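As a plain string of letters, each chain reads:
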Amino acid sequence: MHQALTLALKATGLTSPNPLVGCVIVAKGEIVGSGFHPRAGEPHAEIFALREAGDKALGADLYVTLEPCNHQGRTPPCTTAIIKAGIRRVFIGTSDPNPEVAGRGAAFLQASEITVKIGLLEEKCRKINEFWNKFITTKRPFVTLKSAASMDGRIATHSGHSQWITNEKSRHYVHQLRAAHDAILIGIGTLLKDNPRLTARLPGEIPRNPYRIIVDSMLRTPLNFKIFGSDGSERVLLATKSHAPEKLAPYRKLVKDILILPSNNLGQLDLEELMKILAQRGITSVLIEGGSEINGSALDNHIIDKICFFYAPILVGGRGSRGMISGEGANTIDQAVTITDLSIRNFDDDICVEGYLSNRENGNTSNLQS
């Protein structure tokens with residue numbers, strides 16, 4: 001099952017809106033077949049493993065990180081292929097939360113007199129699919145809030161200068177986060193200040209860049225900014241409020257779509273409604289890389305599942321310097337949001353703290369393994 005998990009993670013950031021799955025087939029103590037699900041629309045992990053095993057699958061054991069599907073989707077059901085191959089026992093890491101599967105795959109195999117055991121390395125198998133688990137059960141994307149600050153919690157000096165707070169290794173990990181998520185969300189303030197590309201820049205070829213989402217209620221986004229790049233009409237979404245058609249017209253030529261959002265009771269663009277729209281488009285995960293205003297709005301709108309905060313060994317100070325999160329916030333300390341399941345790692349002298357909001361809708365943990 002450890003080998004199956006390693007295989008599954010090879011497709012990190014590529015399978016959406018499907019989960020990550022790895023599979024290993026063992027006969028007489030030896031691995032005779034293995035595979036992983038590479039991307040949506042292609043065969044599942046079990047099929048690749050069965051193809052490699054061939055006749056050696058007869059009477060063998062199959063280890064798979066997620067319960068095999070028992071329904072016809074974009075590909076045929078894996079349970080039928082497992083039965084046809086003559087597999088003797090199936091070890092499943094975790095049940096599939098997808099209502100179309102939800103135990104039916106395991107039950108179908110058991111009805112065909114195949115021994116099925118569920119829960120081998122269950123927590124690890126759940127962890128690799130935290131995006132999928134929330135998306136398939138709540139019809140909302142999993143949201144990670146990333147921020148970088150000094151040790152005194154400042155994301156910029158009083159003059160607005162912020163590049164670069166963290167070191168190169170921390171920034172490399174951020175590009176891994178970008179590649180793993182379906183979309184990156186940024187507010188207009190950070191866009192105007194930094195003019196970022198928001199692409200995933202890693203060694204080797206990135207099969208696709210995440211969607212870039214601009215939250216800009218007043219349409220202040222300059223038409224010549226880097227975020228549009230060469231693929232803006234395919235990968236950029238603009239979230240704003242209702243405007244006259246002639247004001248929206250220049251942007252329609254640059255972006256894939258303009259999403260018109262209502263305001264919430266705080267007078268902000270309704271980010272919860274935005275998450276609903278993104279999920280309808282098959283976007284399962286969003287990485288917020290904004291400044292204190294959009295971070296505060298995300299917290300006030302209760303859309304954050306996970307935080308990923310980087311701290312550099314510097315002190316900025318200053319009455320006018322920005323903190324990580326603004327917005328309405330808590331009135332009293334007992335109303336503050338609790339962070340659970342904390343993990344800490346070092347990138348040279350930088351510290352990265354990851355954790356999960358206590359009021360999140362799912363209880364899963366990190367999708368990227370160290």
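Cut-off values and rules
- Per chain, residue numbering runs from 1 following the sequence as it is written.
- The predicted nature of this model means local features are confined to residues of pLDDT at least 70 and side-chain atom pairs, given and counted, to a pLDDT of 80 or more, with totals for whole chains, interfaces and linings taken over all residues.
- To get the side-chain values, take all heavy atoms of the structure and skip hydrogens and water.
- Cavities and pockets are defined on a 1 Å grid built over the protein atoms alone: a cavity is a set of grid points where a 1.4 Å probe fits but cannot escape, while a pocket is an open set with protein on both sides within 12 Å along at least five of seven lines, and lining residues are those with an atom within 4 Å of any such point.
- Grid points are joined across faces, edges and corners, and a volume is the space filled by probe spheres set on the points.
- Numbering goes from the N terminus for both helices and strands, where a helix is a DSSP run of H or I of at least four residues and a strand is a run of E of at least two.
- Any residue that is not Ala, Val, Leu, Ile, Met, Phe, Trp, Tyr, Cys, Pro, Asp, Glu, Lys or Arg is counted as polar, Gly included; the first ten are nonpolar and the last four charged.
- Per-residue accessibility, obtained with a 1.4 Å probe over protein chains only, is compared with the maximum for each type, and a residue is labelled buried under 20%, exposed over 50%, and partly exposed between these values.
- Note on pairing: DSSP must find at least two bridges between two strands before they are called paired.
- Lines fitted to C-alpha atoms define the axes, with helix axes restricted to the stretch in contact, and inter-axis angles between N-to-C directions lie between 0 and 180 degrees.
- A contact between two residues is defined here by any heavy atoms of the two lying within 4.5 Å.
- Throughout this description, any angle smaller than 35 degrees is read as roughly parallel, any larger than 145 degrees as roughly antiparallel, any in the 65 to 115 degree range as roughly perpendicular, and the remainder as oblique.
- Note: crossing handedness is left-handed where the near helix turns anticlockwise from the far helix by less than a right angle, and right-handed where it turns clockwise.
- What is meant by a nonpolar core is a set of buried Ala, Val, Leu, Ile, Met, Phe, Trp, Tyr and Cys residues, joined one to another through side-chain atoms within 4.5 Å.

Visitor: Could you give an account of the layout of surface pockets, with specific residues and numbers?
Guide: Of the voids in this model, the largest pocket is the one considered here, and its volume is about 1,300 Å³. Lining the largest pocket are 50 residues, with Thr-190, Asp-194, Glu-289, Gly-290 and Gly-291 sitting closest to its centre. Contributing elements (two or more residues each) for the lining of the largest pocket: β6 (142-150), β7 (154-156), α7 (168-180), β8 (183-187), α8 (188-194) and α12 (292-300). In terms of residue class, the lining of the largest pocket is built from 15 nonpolar, 21 polar and 14 charged.

Visitor: Got a sec to walk through helix α6 (residues 130-138)? Specific residues and values, please.
Guide: Most of α6 is tucked away: eight of the nine residues are buried. Looking at α6, one finds that the buried residues are Glu-130, Phe-131, Trp-132, Asn-133, Lys-134, Phe-135, Ile-136 and Thr-138. Downstream of α6 by one or two residues, Lys-139 has phi in the positive range, about 60 degrees.

Visitor: With reference to specific residues and values, describe the sheet that holds strand β12 (residues 285-288).
Guide: Hydrogen bonds between backbone groups are what pair the strands of a sheet, and the pairing can be parallel or antiparallel. The nine strands lie next to each other as β11-β10-β9-β8-β12-β6-β13-β16-β15, forming an open sheet whose pairing is mixed. The open sheet terminates on both sides in strands that have one partner only, identified here as β11 (257-260) and β15 (339-347). Across the sheet, the axes of successive neighbouring strands diverge by a mean angle of 20 degrees, strand direction being ignored. Where strand β10 (residues 236-240) and β11 come together, four bridges link them in parallel fashion. Pairing of Ala-239 across the sheet is with Leu-259, part of β11. Contacts from helix α11 (residues 271-280) reach β6, β8, β9 (211-215), β10, β11 and β12 within the one sheet, and its direction differs from that of β9 by about 155 degrees. Strands β6, β8, β9, β12 and β16 (350-357) of the sheet are contacted by α12, whose axis makes an angle of about 135 degrees with β12.

Visitor: How would you sum up the pairing of β15? Please name residues and give values.
Guide: Judged from the seven bridges that link them, β15 and β16 form a sheet pairing that is antiparallel. From the neighbouring strand, Arg-345 faces β16, where its bridge partner is Cys-352.

Visitor: Explain the packing of helix α3 (residues 78-85) against helix α4 (residues 104-111) to me, using residue names and the numbers behind them.
Guide: Each pair of packed helices can be summarised by the angle the axes make with each other and by the distance between the axes. Direction vectors running N to C along α3 and α4 enclose 25 degrees, while the axes themselves pass 10 Å from each other. Taken together, α3 and α4 sit at an angle that is classed as roughly parallel. When the axes of α3 and α4 are compared, the crossing they make is right-handed. Residues Thr-79, Ile-82 and Ile-83 of α3 touch α4, and the partners they reach there are Gly-105, Phe-108 and Leu-109. Here the contact of α3 with α4 is built from residues that sort into four nonpolar, two polar and no charged.

Visitor: Report on the nonpolar core, specifying residues and quantitative values.
Guide: If you look at the biggest cluster of nonpolar residues, it comprises 30 residues, and the most contacted ones within it are Leu-185, Val-215, Leu-274, Met-275, Leu-278, Val-286 and Ile-288. At the level of elements, β6, β8, β9, β10, α11, β12, α12 and β13 (306-312) are the ones that each hand at least two residues to this core. With five residues, the single largest contributor to this core is α11. Residues contacting Ile-288, with those up to four places away along its chain left out, are Val-143, Thr-144, Leu-145, Lys-146, Leu-185, Ile-294, Asn-295, Ala-298 and Ile-303.

Visitor: If you had to explain empty space enclosed by the protein to someone new, which residues and values would you point to?
Guide: By the definition in use, this model includes three cavities of 30 Å³ or more. Taken as a whole, the largest cavity encloses approximately 140 Å³ of empty space. Taken together, 17 residues line the largest cavity, and the ones lying closest to its centre are Thr-15, Ser-16, Asn-18, Phe-131 and Thr-284.

Visitor: So, the sheet that holds strand β5 (residues 115-118): which residues are in play, and what are the values?
Guide: Taken together, five strands build an open sheet; the order of strands is β2-β1-β3-β4-β5 and the sheet is mixed. Whereas interior strands pair on both sides, the edge strands pair on one side only; in this sheet they are β2 (30-36) and β5. Taking the axes of each pair of neighbouring strands and ignoring which way they run, one obtains an average angle of 15 degrees across the sheet. Pairing analysis gives five bridges linking strand β3 (residues 61-66) to strand β4 (residues 89-94), with the strands arranged parallel. If you follow Leu-66 over to β4, its bridge partner there is Thr-94.

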